[in-house]
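Spelled out, the chains give:
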Amino acid sequence: MSRTSAVAAMTFATGAIIANNYYAQPLDAELSAHFGVPSSAIGAVLTLIQLSYALGLATLVPLGDLLERRRLVVTLLGVTVLGLVGVALSPTLPLPAAAAGVVGLTTVAAQILVPFAATIARPGEQGKTVSTVMSGLLIGILVSRVVAGVVAELVGWRGVFVLGAVLTAVSALALWRTLPVLQPATDLRYPKLLGSVLTLIREEPVLRFRMAVGACGYASI
């Protein structure tokens with residue numbers, strides 16, 4: 001497959017993947033009424049999704065340097081699909097809460113795709129390629145709430161998560177067919193790999209600044 005096909009698949013996939021973390025936000029009242037719980041309980045589930053995502057950023061994204069990335073991304077997306085199906089089929093609140101945590105944890109696959117895009121870009125086009133893939137991610141965040149509201153109005157809240165599972169499965173298939181197989185970038189053991197991330201944060205002030213800017217931008221969406 002060509003670089004163009006791979007970048008197109010990544011752009012679509014990052015949007016479809018990250019949207020899974022936001023589908024539940026406009027469904028707060030509907031979920032609260034369906035499960036017979038206060039809105040604060042649904043709010044706790046929404047918080048769990050974001051905390052799980054943060055945990056995945058810290059513990060799973062670094063695996064992109066240690067493992068073959070295409071296989072890692074597709075495996076994570078397979079788990080995401082199972083989590084979304086679990087949310088859609090759950091009869092009581094504890095089950096969708098646990099499944100939503102799994103979804104939040106594994107949707108960090110989108111953040112593995114961003115550096116992957118830079119790796120396969122043509123020389124001199126890394127910035128353009130990463131920007132294209134990131135645009136898909138940001139559009140996914142912005143559009144997800146609208147899509148969730150419309151789909152829930154038409155077929156109910158469970159249909160929102162079924163749609164998310166279908167789009168994620170399609171993304172996984174597209175990525176498997178288009179992404180190249182690249183050798184891992186390092187042979188460090190996992191604990192040392194995590195330690196190297198902390199070392200970079202401690203020693204690189206520009207990285208700390210960019211992290212702060214990214215955190216503020218993400219919080220404002």
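Here's a quick rundown of the structure.

Glancing now at the overall build of the protein. Within the protein one finds 11 helices and zero strands. What you see in the protein, going N to C, is helices and strands ordered as α-α-α-α-α-α-α-α-α-α-α. A compact globule built from 221 residues would reach a C-alpha radius of gyration of about 17 Å, and the protein, at 18 Å, matches this within 12%. Taken along the three principal axes of its C-alpha coordinates, the protein extends 55 × 40 × 30 Å. Across the protein, the fraction of contacts at a sequence separation of at least 24, relative to all contacts at a separation of at least 6, is 84%. Surface exposure of the protein reaches about 11,100 Å², of which carbon and sulfur atoms provide 70%.

A few words now on helix α1 (residues 3-19). Compared with the 24 Å implied by 1.5 Å per residue over 17 residues, the 24 Å span of α1 between its first and last C-alpha is a close match. With 12 of 17 residues buried, α1 lies mostly within the body of the structure. What α1 keeps buried is the set Ala 6, Val 7, Ala 9, Met 10, Thr 11, Ala 13, Thr 14, Gly 15, Ala 16, Ile 17, Ile 18 and Ala 19.

Among the nonpolar cores identified, the biggest contains 33 residues, and Met 10, Val 73, Leu 77, Leu 113, Leu 175 and Leu 179 are the most heavily contacted of them. Broken down by secondary-structure element, the contributors of at least two residues to this core are α1, α4 (63-66), α5 (69-89), α7 (109-120), α8 (126-155) and α9 (157-178). When residues in this core are grouped by element, the largest group, eight residues, is from α7. Discounting chain neighbours no more than four positions away, the residues touching Leu 179 are Ala 6, Met 10, Arg 70, Leu 113 and Phe 116. Membership of the second largest hydrophobic core comes to 27 residues, among which are Val 45, Ala 100, Ala 152 and Phe 161.

So, on to the packing of α7 against α8. Interaxial distance between α7 and α8 falls to 8 Å at its minimum, and their mutual angle equals 160°. With respect to each other, α7 and α8 are oriented roughly antiparallel. Here α7 runs over α8; the crossing is right-handed. Contact with α7, carried on its side by Ala 110, Gln 111, Val 114, Ala 117 and Ala 118, involves Gln 126, Thr 129, Val 130, Val 133, Met 134 and Leu 137 of α8 and no other residues of that element. Taken together, the residues of the contact of α7 with α8 break down into eight nonpolar, three polar and no charged.

Further remarks concern the side chain of Asn 21. Structurally, Asn 21 is set in the loop between α1 and α2 (28-35). Since its relative accessible area comes to 1%, Asn 21 is described here as buried. A polar contact of 3.0 Å, which involves the side chain of Asn 21, links it to the side chain of Thr 107. Excluding residues that lie within four positions of it along the chain, Asn 21 makes contacts with Ile 49, Gln 50, Tyr 53, Val 103, Gly 104 and Thr 107.

Reading the values: rules and limits
Residues numbered from 1 in each chain as written. Predicted model: local features only at pLDDT ≥ 70, side-chain atom pairs only at ≥ 80, totals over all residues. Heavy atoms only, no water. Helix = DSSP H or I, 4+ residues; strand = E, 2+ residues; numbered from the N terminus. Rg over C-alpha atoms; globule rule 2.2 N^0.38 Å. Contact = heavy atoms within 4.5 Å. Areas by Shrake-Rupley, 256 points an atom, 1.4 Å probe, with all protein chains shown as cover. Expected span 1.5 Å × (residues − 1). Buried < 20%, exposed > 50% of the residue type's maximum accessible area, 1.4 Å probe, protein only. Core = buried A, V, L, I, M, F, W, Y, C linked by side-chain atoms within 4.5 Å. Axes fitted to C-alpha atoms, helices over the stretch in contact; angles between N-to-C directions. Parallel < 35°, antiparallel > 145°, perpendicular 65-115°, else oblique. Left-handed = near helix turned anticlockwise from the far one by under 90°. Nonpolar A, V, L, I, M, F, W, Y, C, P; charged D, E, K, R; others polar. Polar contact = N/O pair within 3.5 Å; in protein donor to acceptor, adjacent residues only side chain to side chain.

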